Amino acid sequence: MNSLDLAQVDPSFRGDAAEVLDAYAKRLGGIRLDYFVKRRPDGPYLIVELVKPNEIHFRIHNEVVSILPDSNRFKERSTVQRSRSAPKDRLRIPETQLLKKEIAASLTVDRYTFSGGFFDRYTPSVTNFEQQITANANFIVYGRRGSGKSSLLSYGLHMAVQDLAPVSWVAMQPFANRAEVNVVPAVIGAVLHELEGAGDVAPALEALKAEFDALAEGEPEDVLKKCDRLVPRLRRTLGDVASPNSPLTIFLDDVHVIPEEIQPLVLSYIYKLTRGNNAYIKASGIAQLTRLWDSATQAGLQAPHDAQVLNLDLNLTIPDKSKEHIVSILDSHARYCGLPDIGYLARDNVLSRLVLVAAGVPRDALNLLSLAVSKASAKGQRSVSITSVNAAASEMAEEKLKDVELDSGRDLADVEALLADVKRFCITQERKNAFLMEIKNNSRRYQLMQKLAALRLVHVLHEGITPHKAGRRFVALVLDYGVYVGIRAAKSVELIPSEPRVLLAKELRSLPIFR
Amino acid sequence: MANHKGLSPPHLLLAASNPIRMIQNLNHILEQQELDKITAELDRNVRQLFQLGKSHFSFAQGLGDKDWRQKISRLYYAAYNVRRAVALKNSGAFSTESGDHQKVDQLPDNMDNRESHLTNLRNLREDRNLSDYNHEAKVTDLVLNPGDALNFVTQFLADSAKFLKDQGVTV
């Protein structure tokens, strides 16, 4: 027996070993990795174990030993290695705990997510929008919560920073629910505050920022007129920051959180600053809650002339690609945590179910997996099961239903009533989770269904089919799995699709019509 | 003038403590052609150091695991001399002092698999000391068993050759 745990090590070495292990834990958010001490004739050797260590873990190890004092006897005699034996309980090993922690940290993406190793950790979008988002043009990225809007914007930001181009990233959350016109100078002030790479013109920008801040906090009267007077000077100054080879990019994350009626106005002012000025807007929002253009006032951004739309909401229309995408994201997180891939914790059929119940939304899939790991582990299961994914979906649906109250505003009662109708239709009446609805943009019921889609309580399977007569187009939708999986009747509901695959036209045509 | 055991004048590595710094600091005096001659001589030394390592590696490859002490010892010297070749080309660092064995972190930042190589160079150094000098040691005491050590050094040589090629030195 030449391996020992810490308690068996000569007491004079224990402090040194603890120093190494503490330094590891500090870098891993408090998670303590497995280890053993190898007893050798020339003295003990500390070995930290991971299921599958990679360059990231060797880097951590080298950082740890580099900061140890020369007096630490494991400074030159410690290493990280692949675990000697397969663990009995994969769901409880430190690597899995680390994965849950990583998932939790990555659920809310902002400009700082994965800082330092962004490109190592970034998984491209299913639709490969990365080339577009970095182009010299204005873009609006549409997607429901967790669809990867902020990730895509963040990719654009990191690419610009890598090219040493000036950037400004504004999270719109601080302006949520502010419908007064002062939000216009407030957002412009934030753009100036967040601007990086201003160089010599920084003092001029600072002076302008003070003026916009004063307008943002002052009386609303004549605010826009005063903004108009400042716009030419600000345009000139921003023009000095940017150049054709190094354009300024203004990122506006989650535009939908400000009231719809003020959105076109805010966007129009940012556009006044950027148009023809070597500056571009990259914005994101939930499509159904975002209004780019106000035809009455002719203000805002008109797609596709002023800004191109990148839609991340079509994941269940390409479920096979969505599965590849989500598995690649999970694999990336798993490898970062010292696991071979996500298949180490969940079999392929479980991952298929995960993708379906998450409706192809990456963040929902990450969240569901983390919840499912906890549930499977609590039941003593050796890996994540379909049952644990179902239970996680049910729990997450509760959170989505809370979002209905937050995001529905004055439509709350109507949205809840429609959801009840859809549930009755799918679960009791048709016993199928998928259905068709005629596309009528002016119909109140259709608009409310769009809201249910925005809230991730129904999901688009197909954007538009003509099952019967030409000229009448229908959208194919699926009720969110988590909404009904917890109830007894769910067992008799046919799951469509049962695997992450594109549905055939005849399958889509045969779906019941919800009216 | 640098002083290196085993080298006799005239020798580039005795002309200055760091030949790359010497080239950089003579570029206002010498013509490019003359500087190229010094670089060519530096590259010749880099190739020789790499070949020295490769010769240890070839010998180790032919040994069975029952000769684990010799195998680990030769694998270490293979990796050590290749590391010296990489360091010489990368930064001009060269030493024949015993303390040079501690300098595993001389690997260039942009070398493939740098972090695992750095850790395993350290492991192999400790295993080599055990193999060469400790009469009580058994093969199970090694941190890198003979098979793992062979795999590591094979990859290290491949990544080093790629790095040197990227720097214009084909080995």
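Residues numbered from 1 in each chain as written. Chains lettered and ligands numbered in written order. Predicted model: local features only at pLDDT ≥ 70, side-chain atom pairs only at ≥ 80, totals over all residues. Heavy atoms only, no water.

**A short note on the overall build of chain B**
So, point 1. Across its full length, chain B holds 6 helices and 0 strands.
So, point 2. When its helices and strands are written in sequence order, chain B yields α-α-α-α-α-α.
So, point 3. The C-alpha radius of gyration computed for chain B amounts to 17 Å, which stays within 12% of the reference 16 Å derived for 171 residues, consistent with globular compactness.
So, point 4. Going through the 171 residues of chain B one by one, you find that 51% of them count as buried.
So, point 5. The long-range fraction of contacts in chain B, counting pairs at least 24 apart against all pairs at least 6 apart in sequence, stands at 62%.
So, point 6. Of the accessible surface of chain B, which amounts to about 8,400 Å², a share of 48% is contributed by carbon and sulfur atoms.
So, point 7. Each charge class in chain B can be summarised by its mean position, and for the 21 positive and 21 negative side chains these summaries are 3 Å apart. (Helix = DSSP H or I, 4+ residues; strand = E, 2+ residues; numbered from the N terminus. Rg over C-alpha atoms; globule rule 2.2 N^0.38 Å. Buried < 20%, exposed > 50% of the residue type's maximum accessible area, 1.4 Å probe, protein only. Contact = heavy atoms within 4.5 Å. Areas by Shrake-Rupley, 256 points an atom, 1.4 Å probe, with all protein chains shown as cover. Lys, Arg positive; Asp, Glu negative; His and termini not counted. Charge placed at Lys NZ, Arg CZ, Asp CG, Glu CD.)

**A word on the packing of aromatic side chains**
So, point 1. Inspection of every chain in the model, using the stated rule, returns 10 aromatic pairs over all chains.
So, point 2. When the ring of A:Phe425 is compared with that of A:Phe435, the centres are 6.2 Å apart and the planes differ by 80 degrees; the resulting orientation is edge-to-face. Taken as a pair, A:Phe425 in helix H15 (residues 412-430) and A:Phe435 in strand S12 (residues 434-438) lie far apart in primary sequence, 10 residues in all.
So, point 3. Assessed through its relative accessible area of 0%, A:Phe435 is described here as buried.
So, point 4. For the pair B:Phe152 and B:Phe156, a centre-to-centre distance of 5.9 Å together with 35 degrees between the ring planes defines the contact as tilted. Of this pair, B:Phe152 and B:Phe156 both sit in helix H6 (residues 146-166), separated by 4 residues, roughly a single helical turn.
So, point 5. On the accessibility criterion, B:Phe152 (7% relative accessible area) is buried.
So, point 6. Judged by relative accessible area, B:Phe156 falls into the buried class, the value being 0%. (Phe/Tyr/Trp six-rings, centres within 6.5 Å; stacked < 30°, edge-to-face > 60°.)

**Examining empty space enclosed by the protein**
All names here are of chain A.
So, point 1. Under the defined criterion, the tally for this structure stands at 5 cavities of 30 Å³ or more.
So, point 2. What lines the largest cavity is a set of 13 residues, and nearest its centre among them are Leu316, Leu356, Asn433, Val478 and Leu495.
So, point 3. Those elements giving two or more residues to the lining of the largest cavity turn out to be helix H12 (348-357) and strand S14 (474-479).
So, point 4. Residues that form the lining of the largest cavity fall into these classes: 10 nonpolar, 2 polar and 1 charged. (1 Å grid on protein atoms, 1.4 Å probe; cavity = no way out; pocket = protein on both sides within 12 Å on 5 of 7 lines; lining within 4 Å. Points joined across faces, edges and corners; volume = space filled by probe spheres on them. Nonpolar A, V, L, I, M, F, W, Y, C, P; charged D, E, K, R; others polar.)

**Section: the sheet that holds S12(A)**
All names here are of chain A.
So, point 1. Taken together, the 3 strands give an open sheet; going across it, the order is S12-S14-S13, and neighbouring strands pair in antiparallel fashion. The sheet terminates laterally at S12 and strand S13 (458-465), the two strands that pair on one side only. Strand-to-strand twist of the sheet, defined as the mean angle between neighbouring strand axes without regard to direction, takes the value 25 degrees.
So, point 2. Taken strand by strand, H15 contacts S12, S13 and S14, and its axis lies near 85 degrees from that of S14. (Pairing = 2+ DSSP bridges. Axes fitted to C-alpha atoms, helices over the stretch in contact; angles between N-to-C directions.)

**A look at the packing of helix H9 (residues 223-241) of chain A against helix H10 (residues 263-274) of chain A**
All names here are of chain A.
So, point 1. Running from N to C, H9 and H10 point in directions that differ by 35 degrees, and their axes come no closer than 8 Å. Mapping the contact onto sequence places Leu224, Cys227, Asp228, Val231, Leu234, Arg235 and Leu238 in H9 and Leu265, Tyr269, Lys272, Leu273 and Thr274 in H10.
So, point 2. Looking at the contact of H9 with H10 residue by residue, the classes come out as 8 nonpolar, 1 polar and 3 charged.

**Considerations on the packing of helix H3 (residues 32-61) of chain B against H6(B)**
Residue and element names in this part refer to chain B.
So, point 1. One can describe the packing of H3 onto H6 by two numbers: an axis separation of 12 Å at closest approach and a directional angle of 160 degrees. In terms of orientation, H3 and H6 fall into the roughly antiparallel class. Considering how the two elements wind past one another, H3 and H6 form a crossing that is left-handed. Of H6, the residues touching H3 (which contributes Val46, Phe50, Lys54, Phe57 and Gln61) are Leu150, Val153, Thr154, Leu157, Ser160, Ala161 and Leu164. (Parallel < 35°, antiparallel > 145°, perpendicular 65-115°, else oblique. Left-handed = near helix turned anticlockwise from the far one by under 90°.)

**Topic: the interface of chain A and chain B**
So, point 1. Counting residues at the interface gives 21 residues for chain A and 21 residues for chain B.
So, point 2. The tally of links between chain A and chain B comes to 4 salt bridges.
So, point 3. The shortest N-O distance in the salt bridge between B:Glu126 and A:Arg77 comes to 3.0 Å.
So, point 4. Joining chain A to chain B, the criterion identifies 16 residue pairs in polar contact (both at pLDDT 80 or more).
So, point 5. Of all the secondary-structure elements, those providing two or more residues to the side of chain A that touches chain B are strand S3 (45-50), helix H2 (55-67) and strand S4 (78-82) of chain A.
So, point 6. Sort the elements by how many residues they give to the side of chain A that touches chain B and H2(A) lands first, with 6 residues. (Salt bridge = Lys/Arg side-chain N within 4 Å of Asp/Glu carboxyl O. Polar contact = N/O pair within 3.5 Å; in protein donor to acceptor, adjacent residues only side chain to side chain.)

**Observations regarding the nonpolar core**
Residue and element names in this part refer to chain A.
So, point 1. Val422 and Met449 are the most contacted members of the largest nonpolar core, which totals 88 residues.
So, point 2. For Val422, the contacting residues outside a window of four places in its chain are Phe435, Met449, Leu452, Val458, Leu479 and Phe514.
So, point 3. Counting residues in hydrophobic clusters, the runner-up holds 49 residues, among them Leu195, Phe212, Leu234 and Ile270. (Core = buried A, V, L, I, M, F, W, Y, C linked by side-chain atoms within 4.5 Å.)

**Observations concerning the sheet that holds strand S8 (residues 279-285) of chain A**
Residues and elements named next belong to chain A.
So, point 1. In spatial order, the strands read S6-S7-S8-S5-S11; together these 5 strands make up an open sheet with parallel pairing. The open sheet terminates on both sides in strands that have one partner only, identified here as strand S6 (167-171) and strand S11 (308-311). With strand direction ignored, the average angle separating the axes of adjacent strands in the sheet is 15 degrees.
So, point 2. Pairing of strand S7 (residues 248-253) with S8, which is carried by 5 bridges, proceeds in the parallel orientation. For Leu248, the partnering residue across the bridge sits in S8 and is Ala279.
So, point 3. The sheet contacts of H10 involve S7 and S8, and relative to S8 the element is tilted by about 155 degrees.

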